[in-house]
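Structural overview for review
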Amino acid sequence: MPKGTLFIVSGPSGSGKDTVLGRLLALHPEVRLSISSITRPMREGEREGEKYHFISREEFEALLAADALLEHNVYLGNYYGTPRRPVEEALAAGRDIILEIDVNGADKVRDLMPEAVSVFIMPPSLAALEQRLSGRGTEDAATVRGRLKEAVGEIARAASYDYIVVNDDLDEAVACMAAVIVGERAKIHKQKYLIDEVLQDVESRNW
Ligand code: ADP
Ligand code: 5GP
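Residues numbered from 1 in each chain as written. Chains lettered and ligands numbered in written order. Predicted model: local features only at pLDDT ≥ 70, side-chain atom pairs only at ≥ 80, totals over all residues. Heavy atoms only, no water.

**Overview of the sheet that holds strand β4 (residues 52-54)**
If you trace the 4 strands from one edge of the open sheet to the other, you get β4-β3-β6-β5, paired in mixed fashion. The sheet terminates laterally at β4 and β5 (69-75), the two strands that pair on one side only. On average, adjacent strands in this sheet sit at an angle of 25 degrees to one another, irrespective of strand direction. Inspection of the sheet shows strand β3 (residues 36-38) paired to strand β6 (residues 78-83) by 2 bridges, in the antiparallel sense. (Pairing = 2+ DSSP bridges. Helix = DSSP H or I, 4+ residues; strand = E, 2+ residues; numbered from the N terminus. Axes fitted to C-alpha atoms, helices over the stretch in contact; angles between N-to-C directions.)

**Focus on the site of ligand 2**
Surveying the vicinity of ligand 2 reveals 18 residues, the closest of which are Ser36, Arg40, Tyr52, Tyr80 and Arg147. Within the side chain of Arg43, a nitrogen or oxygen atom sits 2.8 Å from an oxygen atom of ligand 2. Note that an oxygen atom of ligand 2 is positioned 2.7 Å from one of the side-chain N or O atoms of Arg147. Burial of ligand 2 by the surrounding chains reaches 98%, relative to a free accessible area of 510 Å². Taken atom by atom, the bulk of ligand 2 overlaps the largest pocket. If you list the elements that add at least two residues to the shell around ligand 2, you get β5 and β6. Residues that form the shell around ligand 2 fall into these classes: 4 nonpolar, 6 polar and 8 charged. (Near = heavy atom within 4 Å. Polar contact = N/O pair within 3.5 Å; in protein donor to acceptor, adjacent residues only side chain to side chain. Areas by Shrake-Rupley, 256 points an atom, 1.4 Å probe, with all protein chains shown as cover. 1 Å grid on protein atoms, 1.4 Å probe; cavity = no way out; pocket = protein on both sides within 12 Å on 5 of 7 lines; lining within 4 Å. Sits in = over half its atoms within 2 Å of the grid points. Nonpolar A, V, L, I, M, F, W, Y, C, P; charged D, E, K, R; others polar.)

**Quick word on the site of ligand 1**
Taken together, 13 residues are adjacent to ligand 1, and Gly14, Lys17, Thr19, Arg136 and Asn167 come closest. Within the backbone of Gly16, one N or O atom sits 3.0 Å away from an oxygen atom of ligand 1. The side chain of Arg136 places a nitrogen or oxygen atom 2.8 Å from an oxygen atom of ligand 1. If ligand 1 stood free it would expose 570 Å²; the protein chains cover 74% of that surface. Judged by the proximity of its atoms to the pocket grid, ligand 1 belongs to the largest pocket. Counting only elements with at least two residues in the shell around ligand 1, the list comes to α1 (17-27) and α5 (126-136). For the shell around ligand 1, the element with the most residues is α1, which contributes 3 residues.

**With respect to the sheet that holds strand β2 (residues 32-33)**
Within the open sheet, the 5 strands sit side by side as β2-β7-β1-β8-β9. Their pairing is parallel. Every other strand in the sheet has two partners, leaving β2 and β9 (163-166) as the edge strands with one partner each. Sheet analysis places strand β8 (residues 117-122) next to β9, joined by 4 bridges and oriented parallel. Within β9, the residue paired with Val119 across the bridge is Tyr163. This element, helix α7 (residues 170-185), spans β1 (6-10), β7 (97-100), β8 and β9 of the sheet and lies at about 155 degrees to β9. (Contact = heavy atoms within 4.5 Å.)

**Here's the deal with helix α6 (residues 141-156)**
A rise of 1.5 Å per residue sets the reference length of α6, with its 16 residues, at 22 Å; its end C-alpha atoms lie 23 Å apart and thus fit the reference within 8%. Residues Val144, Arg147, Leu148, Ala151 and Glu154 constitute the buried set of α6. In the core, the buried residues of α6 are packed alongside β5, β6, α4 (103-112), β8 and α5. (Expected span 1.5 Å × (residues − 1). Buried < 20%, exposed > 50% of the residue type's maximum accessible area, 1.4 Å probe, protein only.)

**Quick word on the side chain of Asp96**
When you line up the elements, Asp96 lands in the loop between α3 (84-92) and β7. Here Asp96 falls in the buried class, since its relative accessible area comes to 7%. Setting aside chain neighbours within four positions, we find Asp96 in contact with Gly4, Thr5, Phe7, Glu30, Val31, Arg32, Ile181 and Arg185.

**Digging into the pattern of salt bridges**
According to the stated counting rule, one finds 17 salt bridges in the structure shown. A salt bridge links Arg47 to Glu50; the shortest N-O distance between them is 2.7 Å. On the accessibility criterion, Arg47 (56% relative accessible area) is exposed. Linking Arg84 and Asp67 is a salt bridge whose minimum nitrogen-to-oxygen distance equals 3.0 Å. In this pair, Arg84 sits in helix α3 while Asp67 sits in the loop between α2 (57-65) and β5, placing the two residues 17 residues apart along the sequence. Using a relative accessible area of 22% as the deciding quantity, one classes Arg84 as partly exposed. Exposure remark for Asp67: the relative accessible area of 52% places this residue in the exposed category. (Salt bridge = Lys/Arg side-chain N within 4 Å of Asp/Glu carboxyl O.)

Dropping the structure here:
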C-alpha cells in the first residue's frame, strides 16, 4: 500500500479555503484535514476540535518544547501550529491529509517533506477578497485591514506552489481541487505497486 499524500493548502484570509475544503471533504470523506492548535480567540460559529484546537500561549509553548509540532508560525500576533503525530499516522496508514497553513508554514513543510503537494487558493481579485473578508463579518475593520495587508505578500509567494486553484465560481474551484487530489493519486510513484499486482498470476495463464 502506498503512503498517503500530504497536501498543503494556503491562500490569503478570505480567499475561501474553508469553504472550498468543506465542500471537498464532503465529496472525499476519505481525506483527512489536519487540526491545528492555535492561540487566536475563537470566532463566532467556530467549535473546539472542528478545525482548530484553541489553546493558551502556555499550552502552545509546552507543545513547542515537547517537539510535538511539525511546523508553526505567528500570524498577526497569534501562534498557529500543526500537531505532528496525526499527520505522520495518517500518511503511514495510506491516507491523504491536508494541512491548511500559511505561506511560511508551507515553506517549512516543503523543506521537511519535499514530496508534499501544495495548492494555493487564489481570490479572483483584491476587490473580491476585500468584499468576502468584510462580508464574512467575523473580524472588526482593523483586523480585516491587517489581514488584507498580509494577503498582498502571500499572493506574491504563490509561485512556489505546485497548483493554483482560483476561487471565483465555487463549484469550479471545488472541482479543480478534487481534480488535484485524484490526479496526484494516479501518479506513477503512487501506483507502481499495481504493475506487479496485476501481473502476479501471469504464470497461471495459458497465453
Ligand atoms: P478563508 O478560509 O480562506 O479565510 P472562507 O472560506 O471563510 O475563507 O471564505 C470567506 C468568505 O467568502 C465567506 O463568507 C465565504 O462564504 C465567502 N466565499 C467563499 N468562496 C466564495 C466564492 N467562490 N464566491 C463568493 N463568496 C465566497
Ligand atoms: P485564521 O485565523 O483565518 O483561521 O488563519 C490565519 C492564517 O493561519 C491562515 O493563513 C491559515 O491558513 C493559517 N494557519 C492555520 N493553521 C495553521 C497552522 O497550523 N500553521 C500555520 N503555519 N498556519 C496556519
